[in-house]
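Next come the chains, spelled out residue by residue.
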Amino acid sequence: MIDVVCVKLDSDKNLAYFSPQNLKIYKGQAVIVETENGMQLGKTMSGVFKEEEQNLLLPLKKILHIATEVEIEKQKKLKKEAEDALQIAKRYAKELQLDMTFIDAYYTFEKSQLFFSFVSDNRIDFRELAKKLAQKYKTRIELRQIGVRDKAKRVGGLGPCGLFLCCNTFLTDFNSVSINMAKNQMLALNPSKINGVCGRLLCCLNYENETYSYLKKDLPKIGTIIKTEEGTGKVIDIDIFRKSYRVDFGMRGIIEFHNEK
């Protein structure tokens, strides 16, 4: 077990674990951390707690120090400058006739890199755009093409349930979601019902899939022909919560059975 702190980075709203470096860390503090892209400012989402090494990607990056008021103000200024740069990038892309929709931009804390995120249906040759931006801002430019799920995570919004998007509030990673999960939960395979605002399958299909699989394991599959004490018939419906299923015996009608297992 090692000491860790959960931090949300300003740059991409992702949660990550960092080493507290013997600092006294409390939830809600602004901290300066080291990342693969240089120093960044983040907000602690927890105090110091212990976590098993097998659950972490080691070695952990470090929390360098608690952010000062001056550094917090500097971050606000960098954020405003990045927003201005985003508008310039949009204009340059339009002039170069590049089919790309920009999502956000951010500077590393020491202003050594300027990152842009965008979505596009096509592969984009943005070398000329990167060159123009580097000439203007005199720093290293990185343009990242992200997927529609990442866009939803960064932009946020309301899901069909009426709550804020899971990906924008508490999900840290995108787990694989398949159409079989919707089938397993007996949902109508209507895109407007099982797709999120990103146009991909709802992340929440993952939440109850295991429970549905467990509850259905002792019940026959819909469409199968089974033998019962009433004879042989076809399963036309199951109710996993009542542990029951209905069998069509043709001319004899439909009979409901209960599974007591």
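Structure report, in brief. (Residues numbered from 1 in each chain as written. Predicted model: local features only at pLDDT ≥ 70, side-chain atom pairs only at ≥ 80, totals over all residues. Heavy atoms only, no water.)

1. Some words on the overall build of the protein chain
Just so we agree on the cut-off: The helix and strand labels rest on DSSP assignments: H or I over at least four residues marks a helix, E over at least two residues marks a strand, and numbering proceeds from the N terminus. We compute the radius of gyration from the C-alpha atoms alone; for a globule the expected value is 2.2 Å times N to the 0.38, where N is the number of residues. The classification of residues rests on relative accessible area computed with a 1.4 Å probe and restricted to protein chains. Under 20% of the type maximum is buried, over 50% is exposed, and intermediate values are partly exposed. By definition in these notes, contact holds between two residues if any of their heavy atoms fall within 4.5 Å. His is not counted here, nor are the chain ends, while Lys and Arg score as positive and Asp and Glu score as negative. Lysine's charge is taken at NZ, arginine's at CZ, aspartate's at CG and glutamate's at CD.
A count of helical and extended segments in the protein chain gives 7 helices and 13 strands. Here the C-alpha radius of gyration of the protein chain, 26 Å, is well above what a compact globule of 261 residues would show, namely 18 Å. Dimensions of the protein chain, computed from the C-alpha atoms along their principal axes, are close to 80 × 50 × 30 Å. Relative to its 261 residues, the protein chain shows a buried fraction of 39%. Counting only contacts in the protein chain whose residues sit at least 6 apart along the sequence, the fraction spanning at least 24 positions is 55%. The centroid of the 42 positive side-chain charges in the protein chain is displaced by 4 Å from the centroid of its 34 negative side-chain charges.

2. Side note on the pairing of strand 9 (residues 140-145)
Within a regular strand, the side chains alternate between the two sheet faces. For clarity, the threshold we go by: Pairs of strands are assigned from DSSP output, requiring at least two bridges between the strands.
Here strand 8 (residues 113-119) runs beside strand 9; their pairing, made up of 6 bridges, is parallel. By the bridge assignment, F116 is partnered in strand 9 with L143.

3. As for helix 2 (residues 127-137)
Here is the rule: Note that the arc is defined by the directions from the helix axis to the C-beta atoms.
If you check which residues of helix 2 are buried, you get L129, A130, L133 and Y137. Projected onto a plane normal to the axis of helix 2, the buried residues spread over an arc of 95° and lie on a single side. Residues of helix 2 that are buried sit in contact with helix 1 (69-95), strand 7 (101-107), strand 8 and strand 9. Phi for K138, located one or two positions after helix 2, is positive at around 55°.

4. Section: the packing of helix 1 against helix 2
This is how the line gets drawn: Here, axes are lines fitted to C-alpha atoms. For helices the fit covers the stretch in contact, and angles between N-to-C directions go from 0 to 180 degrees. For classification, angles of less than 35 degrees are called roughly parallel, those exceeding 145 degrees roughly antiparallel, those between 65 and 115 degrees roughly perpendicular, and all remaining angles oblique. Each crossing gets its hand from how the near helix is turned against the far one by less than a right angle, where anticlockwise is left-handed and clockwise is right-handed. Put simply, Ala, Val, Leu, Ile, Met, Phe, Trp, Tyr, Cys and Pro go in the nonpolar bin, Asp, Glu, Lys and Arg in the charged bin, and everything else, Gly too, in the polar bin.
Running from N to C, helix 1 and helix 2 point in directions that differ by 140°, and their axes come no closer than 10 Å. It follows that helix 1 is oblique to helix 2 by the angle criterion. When you trace helix 1 past helix 2, the crossing you get is right-handed. Between helix 1 and helix 2, the residues in contact are D84, A85, I88, A89, Y92, A93 and E95 and L129, K132, L133, K136 and Y137, respectively. Looking at the contact of helix 1 with helix 2 residue by residue, the class counts come to 8 nonpolar, no polar and 4 charged.

5. Considering the nonpolar core
Worth spelling out the cut-off: The nonpolar core is taken to be a set of buried Ala, Val, Leu, Ile, Met, Phe, Trp, Tyr and Cys residues, with the residues joined through side-chain atoms within 4.5 Å.
If you look at the biggest cluster of nonpolar residues, it comprises 27 residues, and the most contacted ones within it are M100, F102, F116, L129, L133 and L143. Those elements that provide at least two residues to this core are helix 1, strand 7, strand 8, helix 2 and strand 9. If you tally residues by element for this core, the top one is helix 1, at 8 residues. Once you skip the residues sitting within four places of it in the chain, F102 turns out to touch L86, A89, K90, A93, F116, S117, F118, L129 and L143.

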